[in-house]
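Understanding the architecture of this molecule
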Amino acid sequence: MWGVSRTNSEHIPMRPPFPLVRREPDPAPLPTRPVEPVRTGLPSRVPMLPAHLRQTLRPAAPRWGVLAFGDPRIDTHLPGGGLALGQLHEIGAAGVESETGALPAGFAASLAGRIAPALPVFWIAQRADLYPHGLPGFGLDPARLVLVRPDDDAGTLAAMETALREGAAGVVVGEVGRLDRVTSRRLLLACLRHGATCLVLRRWPHGRRTEDREASLAATRWRLAPRSGEHTSELQ
């Protein structure tokens, strides 16, 4: 038999268990800024706004002036320090006063008597239960009254808008149960154009009160209630 022998053995290099990686030196640290302390609380956003935007957050002075009540508990909460004239205002009451309308009518008469005394007051209502002889006690001269008696709420609102747009009235008072947003906008625009003040008395004579689906555009909304006396008498 012939045999073959290998006189030169192959050289097999040994490999490391992991590849060799050349490590670069760490870069120089970046300069750091001092950390500001954390402020607690919620800062006001008004100083952060530009000057021309801060002006829009301030209530503008009423175009036709204001009627001050003379009571700081009320005037301080109203823009301009009083009831804005030439605007739309909504007056309501609670309980039985929302049916009779006596308290809202007295409040409206006291306001109308001090607004534009030389101009007439249009009082528009479906029910003829306004007692003119009692109005001087609230400061309203009955000679200024122009009484209008429509058939329903739609007729009352239409008559109110007409009286405002004619520009002859100083105050227009209307007693209605329903007041939607579109109609209140029409009344408001008529007030702003001619400067007359509109007082909407929310009244439900038979207690058939319906909730409004939309908020009106009235500048203020008043909800009146009689104040009970401090002293009560006992029945003997």
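Above this note sits the structure.
Residues numbered from 1 in each chain as written. Predicted model: local features only at pLDDT ≥ 70, side-chain atom pairs only at ≥ 80, totals over all residues. Heavy atoms only, no water.

1. Considering the packing of aromatic side chains
Operational definition: Only Phe, Tyr and Trp rings are paired, with Trp represented by its six-membered ring, and only when their centres lie within 6.5 Å; those with planes under 30 degrees apart are stacked, over 60 edge-to-face, the remainder tilted. Counting from the N terminus, the helices are the DSSP runs of H or I reaching at least four residues and the strands are the DSSP runs of E reaching at least two. Summary of the burial criterion: residues with accessible area below 20% of their type's maximum are buried, those above 50% are exposed, and those between are partly exposed, where the area comes from a 1.4 Å probe applied to protein chains only.
Counting across every chain of the model gives 3 aromatic pairs. Measuring from centroid to centroid gives 5.5 Å for Phe69 and Trp222, while their planes differ by 50°, and the two rings are tilted. Note that Phe69 is positioned in the loop between β1 (66-67) and α2 (72-75) and Trp222 in strand β8 (residues 220-224), a separation of 153 residues in sequence. Aromatic side chains Phe107 and Trp222 sit 5.3 Å apart centroid to centroid with 50° between the ring planes, which places their arrangement in the tilted category. Highlighted residues: Phe107 in helix α4 (residues 102-112) and Trp222 in strand β8, separated in sequence by 115 residues. There is no split in this pair, since Phe107 and Trp222 are both buried. Through a chain of ring-to-ring contacts, three or more aromatic side chains come together here, namely Phe69, Phe107 and Trp222.

2. Structural notes on the sheet that holds strand β3 (residues 88-93)
Basically, it comes down to this: Here, strands pair whenever DSSP counts at least two bridges between them. For helices, the axis comes from a line fit to the C-alpha atoms of the stretch in contact; other axes are also lines fit to C-alpha atoms, and the angle between any two N-to-C directions lies between 0 and 180 degrees.
The strand order across the open sheet built from 6 strands is β5-β4-β6-β7-β3-β8, with neighbouring strands paired in parallel fashion. The sheet is open, and its two edges are formed by β5 (145-148) and β8, each paired on a single side. Between one strand and the next, the sheet's axes are offset by a mean angle of 20°, whatever the strand orientation. In terms of strand pairing, strand β4 (residues 121-124) meets strand β6 (residues 171-176) through 4 bridges, oriented parallel. If you follow Phe122 over to β6, its bridge partner there is Val172.

3. Considerations on helix α5 (residues 153-166)
Rule in force here: Here a helix's expected span is defined as the number of its residues, less one, multiplied by 1.5 Å. Here, two residues are considered to be in contact whenever any of their heavy atoms come within 4.5 Å of each other.
Under the 1.5 Å per step criterion, the end-to-end length of α5 is 20 Å for 14 residues, consistent within 8% with the ideal 20 Å. Of all the positions in α5, only Thr156, Leu157, Ala159, Met160, Glu161, Ala163 and Leu164 are classed as buried. On its buried side, α5 packs onto β4, β5, β6, α6 (181-194) and β7 (197-202). Phi for Gly167, located one or two positions after α5, is positive at around 80°.

4. Observations regarding the nonpolar core
Quick note on the threshold: By nonpolar core we mean a set of buried residues, namely Ala, Val, Leu, Ile, Met, Phe, Trp, Tyr and Cys, connected to one another through side-chain atoms within 4.5 Å.
Counting 24 residues, the largest nonpolar core has Ile91, Trp123, Leu140, Val173, Leu199 and Leu201 as the members making the most contacts within it. Elements with a minimum of two residues in this core: α4, β4, β6, β7 and β8. No other element matches the 6 residues that α4 contributes to this core. Among the nonpolar cores identified, the runner-up in size contains 20 residues, and Val176, Leu187, Ala196 and Val200 belong to it.

5. Concerning the state of the cysteines
Linking two cysteines covalently through their sulfur atoms gives a disulfide. Formally: Cysteine sulfurs are considered disulfide-paired once they come within 2.5 Å of each other.
This structure, assessed with the given rule, holds 0 disulfides. Between Cys191, a free cysteine, and Cys198, which holds the nearest cysteine sulfur, the sulfur-to-sulfur gap is 4.8 Å. Note on Cys191: relative accessible area 0%, which makes it buried.

6. Thoughts on α6
Rules: As used here, the arc belongs to the directions running from the helix axis to the C-beta atoms. Here a polar contact means two N or O atoms within 3.5 Å. Within protein one must be a hydrogen donor candidate and the other an acceptor candidate, and residues neighboring in sequence count only if both atoms are side-chain atoms.
Given a rise of 1.5 Å per residue, 14 residues ought to cover 20 Å, and the 20 Å separating the end C-alpha atoms of α6 matches this to within 8%. Residues Thr183, Ser184, Leu187, Leu188, Ala190 and Cys191 constitute the buried set of α6. End-on, the buried residues of α6 take up no more than an arc of 160°, which puts them together on one face. Away from the buried face of α6 by more than 90 degrees, exposed residues Val182 and Arg193 are located. Buried-residue contacts for α6 involve β3, α5 and β7. Sitting at the head of α6, Asp180 places a side-chain oxygen 3.1 Å from the backbone nitrogen of Val182.

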